[in-house]
Amino acid sequence: MNQMSALSSESSLTRRRKAAIVVQMLIADGGSLPLSDLPESLQELLTGELAALRLLDRATMETVASEFADALDAIGMAAPGSRDGAISALAHHLSPDLAQRLQSQMDSVRNGDHWPVIADLAVPRLVRIMESESIEICAVALSKLPVAKAAEVLAKTPGPRARRITYAMSLTADIAPDVVRRIGRALAQDYAQNAPIAFEKAPVQRLGAILNSATTDTRDDMLEGLGATDPDFASDVRRAIFTFKDIAPRVKPTDIPNCIRSVDANVLTTALAAALAGDADLVASAEYILENLSQRMAGQLREDVAERGAVRKADAEAAMGAVTTAVRELADAGVITYREPDGDSA
């Protein structure tokens, strides 16, 4: 095989081979690379790629170097990428006690002991362990917690299960240390990682948003059914819902002009006409809006309402929905804040 046939072509190089070329160039240039920070599997792959390199023509080398430089230029930020890296990066910005505790946790993990990570979990997550895992594993976990935290977790674990766990603790004396370490590692993998979140908002907020846009009949029917099935959840959903009836008890008087500013005049007239012909709560919110506008504007709206006459149910729903949507958008944007029904600011 002649010398030229050993030259590599840039078009035939894999990403791994290109990475190996860049590393070789940096090493040949006298650079110091912290390759030991990489996982050993990647270090092994890199070694294999370097071993496979032979001759490289100058054009290919320059192309790979240029591609690497372009990739660096495109990086806007390099984050730590690991818990170790994050702790190191924040070491001088965290409180000394917290930084030391986090570093101790990672030192323990590197030595095969995951229990400091488990012990640092929030009590609700530890209670979930007590409710989900086998009695024997729960007994081991409870034994590894600080005394005060273990007592709090035990107090919040259902009584019959808590009693079975405390009895099982009497059977843990002969468990091998390696078994305890493996239990700690498994619990850390299952409970110390933040689970992916499918929804950005809580169920109450999601259902509240849906019912906000539903018709009155649908909303009332759903709330009635929820009230019979889960009264507490239904109560939370009611607080998350904001309808036309909520304007009087929940919007501050000084916010009313801002709330209706973006509402079309004809839509506002229709909403007020429908509300003034409705039940006591609707009338109260319509009057509340009119009372907190200038006398001239309120007078003009009352004249327009009188001329508008009766409003069809579908038109009434749409118009009042437009008004409440305008209010909710301001609240969601933080421009206004709701009052609680008792009159306090939300």
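As the structure is a prediction and not an experimental result, all values here were calculated from the model.

Draft legend 1. Structural context of the side chain of Thr157. Along the chain, the position of Thr157 falls in the loop between α9 (147–155) and α10 (159–168). The exposure class of Thr157 is buried, given its relative accessible area of 5%. A polar contact of 2.8 Å, which involves the side chain of Thr157, links it to the backbone oxygen of Val153.

Draft legend 2. Broad picture of the confidence of the model for the protein chain. Per-residue confidence for the protein chain gives a mean pLDDT of 81, with 78% of residues at or over 70. Averaged over each element, pLDDT in the protein chain is lowest for strand β1 (residues 7–8) (48) and highest for helix α18 (residues 280–291) (96). Taken as a whole, residues 77–82 scores under 50 in pLDDT and shows three contacts with residues more than four places along the chain or in a different chain.

Draft legend 3. Up close: the nonpolar core. Counting residues in each nonpolar core, the largest one holds 34 residues, and the members touching the most others are Phe244, Ile247, Leu272, Ile289 and Met320. Secondary structure elements with two or more residues in this core: α15 (247–250), α16 (256–260), α17 (265–276), α18, α19 (295–308) and α20 (313–332). Among the elements that make up this core, the one with the highest residue count is α20 (eight residues). Apart from the residues lying within four places of it in its own chain, the contact partners of Ile247 are Phe242, Ile256, Ser285, Tyr288, Ile289, Val323 and Thr324. Counting 25 residues, the second-largest nonpolar core is a separate cluster that includes Trp115, Cys138, Leu145 and Ile165.

Draft legend 4. Spotlight on the pattern of salt bridges. Using the criterion set out here, one finds eight salt bridges in the structure. Arg181 is the salt-bridge partner of Asp178, the closest N and O atoms lying 3.7 Å from each other. Linking Asp178 with Arg181, this pair stays in helix α11 (residues 177–191), spanning three residues, or about one helical turn. Across the pair Arg182 and Asp178 runs a salt bridge whose closest N-O atoms are separated by 3.1 Å. Here Asp178 and Arg182 lie together in helix α11, a separation of four residues that amounts to about one turn. Judged by relative accessible area, which is 41%, Arg182 ranks as partly exposed. Judged by its relative accessible area of 38%, Asp178 falls in the partly exposed class. By sharing partners, the salt bridges in this structure join Asp178, Arg181 and Arg182 into a single network.

Draft legend 5. A look at the layout of surface pockets. Empty space within the largest pocket amounts to approximately 750 Å³. In this structure, the largest pocket is lined by 31 residues; those nearest its centre are Thr216, Arg219, Thr243, Lys245 and Leu282. When contributions to the lining of the largest pocket are tallied by element, the ones reaching two or more residues are α13 (216–229), α17, α18 and α20. No other element matches α20, which puts eight residues into the lining of the largest pocket. Tallied by class, residues from the lining of the largest pocket come to 13 nonpolar, nine polar and nine charged.

Draft legend 6. Spotlight on the packing of aromatic side chains. For the coordinates displayed, the defined rule picks out one aromatic pair. Judged by centre distance (4.8 Å) and plane angle (10 degrees), the ring pair of Phe242 and Tyr338 falls under stacked. Taken together, the residues span a long stretch of sequence, with Phe242 in the loop between α14 (231–240) and α15 and Tyr338 in the segment after α20 at a distance of 96 residues. For the residue pair Phe242 and Tyr338, the accessibility class agrees, reading buried in each case.

Draft legend 7. Summary view of α17. Taking 1.5 Å of rise per residue, the twelve residues of α17 would be expected to cover 16 Å, and the 16 Å separating its terminal C-alpha atoms lies within 8% of that figure. As for α17, its buried residues are in contact with α16, α18, α19 and α20. One side-chain oxygen of the residue at the start of α17 lies 3.0 Å from the amide nitrogen of Asn266, identifying that residue as Asp264.

Parameters at a glance
- Residues numbered from 1 in each chain as written.
- Predicted model: local features only at pLDDT ≥ 70, side-chain atom pairs only at ≥ 80, totals over all residues.
- Heavy atoms only, no water.
- Helix = DSSP H or I, 4+ residues; strand = E, 2+ residues; numbered from the N terminus.
- Buried < 20%, exposed > 50% of the residue type's maximum accessible area, 1.4 Å probe, protein only.
- Polar contact = N/O pair within 3.5 Å; in protein donor to acceptor, adjacent residues only side chain to side chain.
- pLDDT = per-residue confidence, 0-100.
- Contact = heavy atoms within 4.5 Å.
- Core = buried A, V, L, I, M, F, W, Y, C linked by side-chain atoms within 4.5 Å.
- Salt bridge = Lys/Arg side-chain N within 4 Å of Asp/Glu carboxyl O.
- 1 Å grid on protein atoms, 1.4 Å probe; cavity = no way out; pocket = protein on both sides within 12 Å on 5 of 7 lines; lining within 4 Å.
- Points joined across faces, edges and corners; volume = space filled by probe spheres on them.
- Nonpolar A, V, L, I, M, F, W, Y, C, P; charged D, E, K, R; others polar.
- Phe/Tyr/Trp six-rings, centres within 6.5 Å; stacked < 30°, edge-to-face > 60°.
- Expected span 1.5 Å × (residues − 1).

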